[in-house]
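Spelled out, the chains give:
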Amino acid sequence: MSEYIPPTLDWVRDQVELWEKSGGTEGTTLLDTGLPCILVIHRGNRTGAIRKIPLMRVKDGDSYVLVGSFGGRPKHPVWIYNLRADPNVEIRDETEVHAMRVREVDDQAERERVWELAVAAYAPYEEYRGNTTRKFAIFIADPV
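Computed from a prediction, not measured in an experiment: that's the story for all the values here.

Undergrad: Residue-level account of the overall build of the protein chain, with values.
TA: Counting its regular elements, the protein chain contains four helices and seven strands. Counted from the first residue to the last, the protein chain has its helices and strands arranged as α-β-β-β-β-α-β-β-α-α-β. Relative to the 2.2 N^0.38 estimate, which gives 15 Å for 144 residues, the radius of gyration of the protein chain is 14 Å and therefore close to what a compact globule would have. Reported as C-alpha extents along the three principal axes, the dimensions of the protein chain are approximately 40 × 35 × 30 Å. Residues counted as buried form 42% of the 144 residues belonging to the protein chain. Long-range pairs, those at least 24 residues apart, make up 62% of the contacts in the protein chain between residues at least 6 apart in sequence. Of the accessible surface of the protein chain, which amounts to about 8000 Å², a share of 50% is contributed by carbon and sulfur atoms. For the protein chain, the centre of its 19 positive side-chain charges and the centre of its 23 negative side-chain charges are spaced 6 Å apart.

Here you go:
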């Protein structure tokens, strides 16, 4: 079994721990917003260690849309490099566990379509996009 490296931000680490301890019955929303999150389990691209990150739940049929917004910060979140290196992930949606494979969305028409889904699920994405000049990485996680 691979080593697990917890998230570095305290509130994110606390959310992951609550999710894990409860089996997906608690810690499944973004702080006190009530907006649903998923937990994405992936491998670190340099360490090979298990990483866990909560992201906003954006559904596209049986697939999930993963947005690398990082709150509109100038740099990409580290997890996108992990997904580019190893596209096999596990997604936990409350108590459900799904083996998934991600692909980065490059096609402009598809990006626009899933961006609309993302903003409908979490309106602040639009504000985040206005806070930076970088192009957000967007992935679609499809069932294996």
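Undergrad: Describe the pairing of strand β4 (residues 63–68), listing the residues and the values that go with them.
TA: By the criterion of burial, β4 is predominantly enclosed, with six of the six residues buried. Side chains S63, V65 and V67 project from β4 onto one buried face, and the interleaved Y64, L66 and G68 project onto a second face that is buried too. Hairpin remark: strand β3 (residues 59–60) followed by β4, antiparallel, with two residues in the connecting loop; positive phi at G61, about 65 degrees. Sheet analysis places β4 next to strand β7 (residues 137–143), joined by five bridges and oriented antiparallel.

Undergrad: Tell me what's going on with the sheet that holds β7, and back it up with residues and numbers.
TA: To summarise the sheet geometry, strands pair through backbone hydrogen bonds and adopt either a parallel or an antiparallel arrangement. Read from one edge of the open sheet, seven strands run β2-β1-β5-β6-β7-β4-β3, paired in antiparallel fashion. One side of each edge strand has no neighbouring strand; the edge strands of this open sheet are β2 (50–56) and β3. One ladder, built from two bridges, connects β3 with β4; its direction is antiparallel. Paired with K59 across the strands is Y64, a residue of β4.

Undergrad: How would you explain the environment of L30 if you had to name every residue and give the values?
TA: When you line up the elements, L30 lands in the loop between α1 (10–22) and β1 (37–43). Leaving out residues up to four positions away in the same chain, L30 has contacts with W11, L35, C37, M56 and Y122.

Undergrad: Give a description of the environment of A120 that names residues and reports values.
TA: Take A120: it is sitting in helix α3 (residues 108–121). A residue is classified by how much of its surface remains accessible, and A120, at 68% relative accessible area, is exposed. Between the alpha carbons of A120 and E104 there is a distance of 20 Å; along the sequence they are 16 residues apart.

Undergrad: Outline the nonpolar core, listing residues and values.
TA: One finds M56, V65, V67, W115, Y122, Y125 and I138 to be the most contacted residues of the largest nonpolar core, which totals 21 residues. Broken down by secondary-structure element, the contributors of at least two residues to this core are α1, β1, β2, β4, α3, α4 (124–130) and β7. Formed by 17 residues, the second largest nonpolar core is a distinct cluster that contains L55, L66, L83 and V102.

Rules used throughout
- Residues numbered from 1 in each chain as written.
- Predicted model: local features only at pLDDT ≥ 70, side-chain atom pairs only at ≥ 80, totals over all residues.
- Heavy atoms only, no water.
- Helix = DSSP H or I, 4+ residues; strand = E, 2+ residues; numbered from the N terminus.
- Rg over C-alpha atoms; globule rule 2.2 N^0.38 Å.
- Buried < 20%, exposed > 50% of the residue type's maximum accessible area, 1.4 Å probe, protein only.
- Contact = heavy atoms within 4.5 Å.
- Areas by Shrake-Rupley, 256 points an atom, 1.4 Å probe, with all protein chains shown as cover.
- Lys, Arg positive; Asp, Glu negative; His and termini not counted.
- Charge placed at Lys NZ, Arg CZ, Asp CG, Glu CD.
- Pairing = 2+ DSSP bridges.
- Core = buried A, V, L, I, M, F, W, Y, C linked by side-chain atoms within 4.5 Å.

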